[in-house]
Amino acid sequence: MRSLKMEDLMLYTITLSVVIWCLECATVDGGKVLGPIYWNTSNSMFKTNTKGHNAIDVDIDDKLDIICPRQGRDDGEEHFYFKLYLVDRINYLKCNATGGKRLITCNVPKREKKYTFYFQEISPSPWGLEFQPEKTYYVISTSDGSKSGMDTMIGGVCAHFDMKLEMRVHEKQEDETWDNGNGGSTNINNHDTSIVDPIEQGGESNNGMWIGIVLGACAVLFILFFAFFGVQDLSEASEHEEIPVVPYQSSEAG
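Source: prediction; values computed, not measured. (Residues numbered from 1 in each chain as written. Predicted model: local features only at pLDDT ≥ 70, side-chain atom pairs only at ≥ 80, totals over all residues. Heavy atoms only, no water.)

A. Broad picture of the overall build of the protein chain. In terms of helices and strands, the protein chain carries 4 helices and 12 strands. Every one of the 254 residues in the protein chain was classed for burial, and the buried ones make up 38%. Long-range contacts, defined here as pairs at least 24 residues apart, represent 72% of the contacts in the protein chain between residues at least 6 apart. Of the accessible surface of the protein chain, which amounts to about 15,900 Å², a share of 55% is contributed by carbon and sulfur atoms. (Helix = DSSP H or I, 4+ residues; strand = E, 2+ residues; numbered from the N terminus. Buried < 20%, exposed > 50% of the residue type's maximum accessible area, 1.4 Å probe, protein only. Contact = heavy atoms within 4.5 Å. Areas by Shrake-Rupley, 256 points an atom, 1.4 Å probe, with all protein chains shown as cover.)

Shown next, in the form of structure tokens:
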């Protein structure tokens, strides 16, 4: 069996990354796609002087995007460079990112850039985050908004603009109905998600279709991958095949 070359290793890594991404997308089944949070100082979410104003409630299987600031889209914004960290509650309250897990670096203000939370209990990716129901997670940014101050680990916009986010994760909720007294019914949930209203509710039929497409694409990638290596193995084997040489024997006697 031939040894792996650098090109083969790169191809394998890319293929594996695509497959993991496909599986991760496929596992977010039936959750809500929540309205995105724009991570900029002009967002009113970070300006309200009310306790808990930057806390949100999410369910397992929900999906949430945090979008970096962008020039030309965020009017009046002067701060474009941030690093976002996942921290514990103590460092959340102290605006201290030391020891936190870096989630995303907002450093290309002329292009769209975002971080997507998939609130999964088990992630198919070894690099993915995993969330437990009835537990709270904390995101902060301690950069000062400038390119030179992007690596600031204490204070920054977390302290000056209250740019931090508290995410309260719950079990996946099924919509319940109750009689509204007018002969009709109203859908209710056990908690409020008014800060980030759901903008898209995935149906079972659509999820099944997309999961089938994703898994089919993964299968095709695997087939192409192994076919590629199989063809190369056969071609290399034929190139190095040695034809046995039969010694010439004369039919004439002595």
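B. Summary view of the environment of Asn43. When you line up the elements, Asn43 lands in the loop between β2 (37–38) and β3 (55–59). A residue is classified by how much of its surface remains accessible, and Asn43, at 16% relative accessible area, is buried. On a C-alpha basis, the gap between Asn43 and Phe161 in space is 9.9 Å, while along the polypeptide they are 118 residues apart. Setting aside residues up to four positions removed in sequence, Asn43 forms contacts with Ile37 and Tyr38. A polar contact of 2.9 Å, which involves the side chain of Asn43, links it to the backbone oxygen of Tyr38. (Polar contact = N/O pair within 3.5 Å; in protein donor to acceptor, adjacent residues only side chain to side chain.)

C. Structural detail: the environment of Ile56. In this fold, Ile56 is placed in strand β3. Residue classification places Ile56 among the buried positions, given a relative accessible area of 2%. When the C-alpha positions of Ile56 and Val169 are compared, they lie 8.6 Å apart, and in sequence the two are 113 residues distant.

D. A look at the sheet that holds strand β8 (residues 135–141). The 5 strands are arranged β3-β9-β8-β5-β6 in an open sheet whose pairing can be described as mixed. What marks the edges here is a single partner per strand, and that holds for β3 and β6 (101–106). Taking the axes of each pair of neighbouring strands and ignoring which way they run, one obtains an average angle of 25 degrees across the sheet. Pairing geometry for strand β5 (residues 82–87) and β8, over 4 bridges, is antiparallel. Residue pairing across strands places Leu84 opposite Ser141, the latter belonging to β8. (Pairing = 2+ DSSP bridges. Axes fitted to C-alpha atoms, helices over the stretch in contact; angles between N-to-C directions.)

E. Region of interest: the state of the cysteines. By the definition in use, this model includes 2 disulfides. A disulfide bridge connects Cys68 with Cys106, and the sulfur atoms are separated by 2.0 Å. Here the S-S torsion is close to -70 degrees, and the disulfide linking Cys68 with Cys106 is therefore left-handed. Here the residue Cys68 occupies a position in the loop between β4 (63–67) and β5, and Cys106 occupies one in strand β6, the gap between them amounting to 38 residues. Across this residue pair, the class does not change: Cys68 and Cys106 are buried. Across the disulfide, Cys95 is cross-linked to Cys158 (sulfur-sulfur distance 2.1 Å). Across the S-S bond of Cys95 and Cys158 the torsion is about -70 degrees, and the bridge reads as left-handed. (Disulfide = S-S within 2.5 Å.)

F. Seen up close, the pairing of β4. The buried fraction of β4 is high, at 4 of 5 residues. Two elements, β2 and β4, share 2 bridges in a ladder whose sense is parallel. The residue of β4 that forms the bridge with Tyr38 is Ile67.

G. Representation of the nonpolar core in the model. Within the largest apolar cluster, 29 residues are counted, with the highest numbers of intra-cluster contacts made by Trp39, Phe117, Val139, Leu165 and Met167. Of all the elements in the fold, those that place two or more residues in this core are β3, β4, β5, β6, β7 (114–118), β8 and β9 (164–170). Not counting chain neighbours up to four residues away, the residues in contact with Leu165 comprise Ile37, Trp39, Met45, Asn54, Ile56, Ile66, Tyr92, Tyr137, Tyr138 and Val139. Of all hydrophobic cores here, the second largest spans 8 residues; its members include Val87, Tyr92, Cys95 and Ala97. (Core = buried A, V, L, I, M, F, W, Y, C linked by side-chain atoms within 4.5 Å.)

H. Structural detail: the pairing of β7. Of all 5 residues in β7, 4 are buried, a share of seventy percent or more. In this sheet, β7 lies alongside β4 in antiparallel orientation, the contact comprising 5 bridges. Looking at the pairing, Ile67 lines up with Lys114 of β7.

I. Structural detail: the pattern of salt bridges. Within the structure shown, the criterion is met by 10 salt bridges. One salt bridge connects Asp62 with Lys32, and the closest N-O pair in it is separated by 3.2 Å. Remark: Lys32 occurs in strand β1 (residues 32–34) and Asp62 occurs in the loop between β3 and β4; sequence separation between them is 30 residues. In this structure, Glu112 and Arg70 form a salt bridge, with 3.2 Å as the shortest nitrogen-oxygen distance. Of this pair, Glu112 sits in the loop between β6 and β7 while Arg70 is found in the loop between β4 and β5, placing the two residues 42 residues apart along the sequence. Residue class for Arg70 comes out partly exposed when judged on its relative accessible area of 30%. Connected through shared salt-bridge partners, Arg70, Arg73, Asp74 and Glu112 make up one network. (Salt bridge = Lys/Arg side-chain N within 4 Å of Asp/Glu carboxyl O.)

Fair warning: the whole summary comes from geometry, so function is off the table for now.
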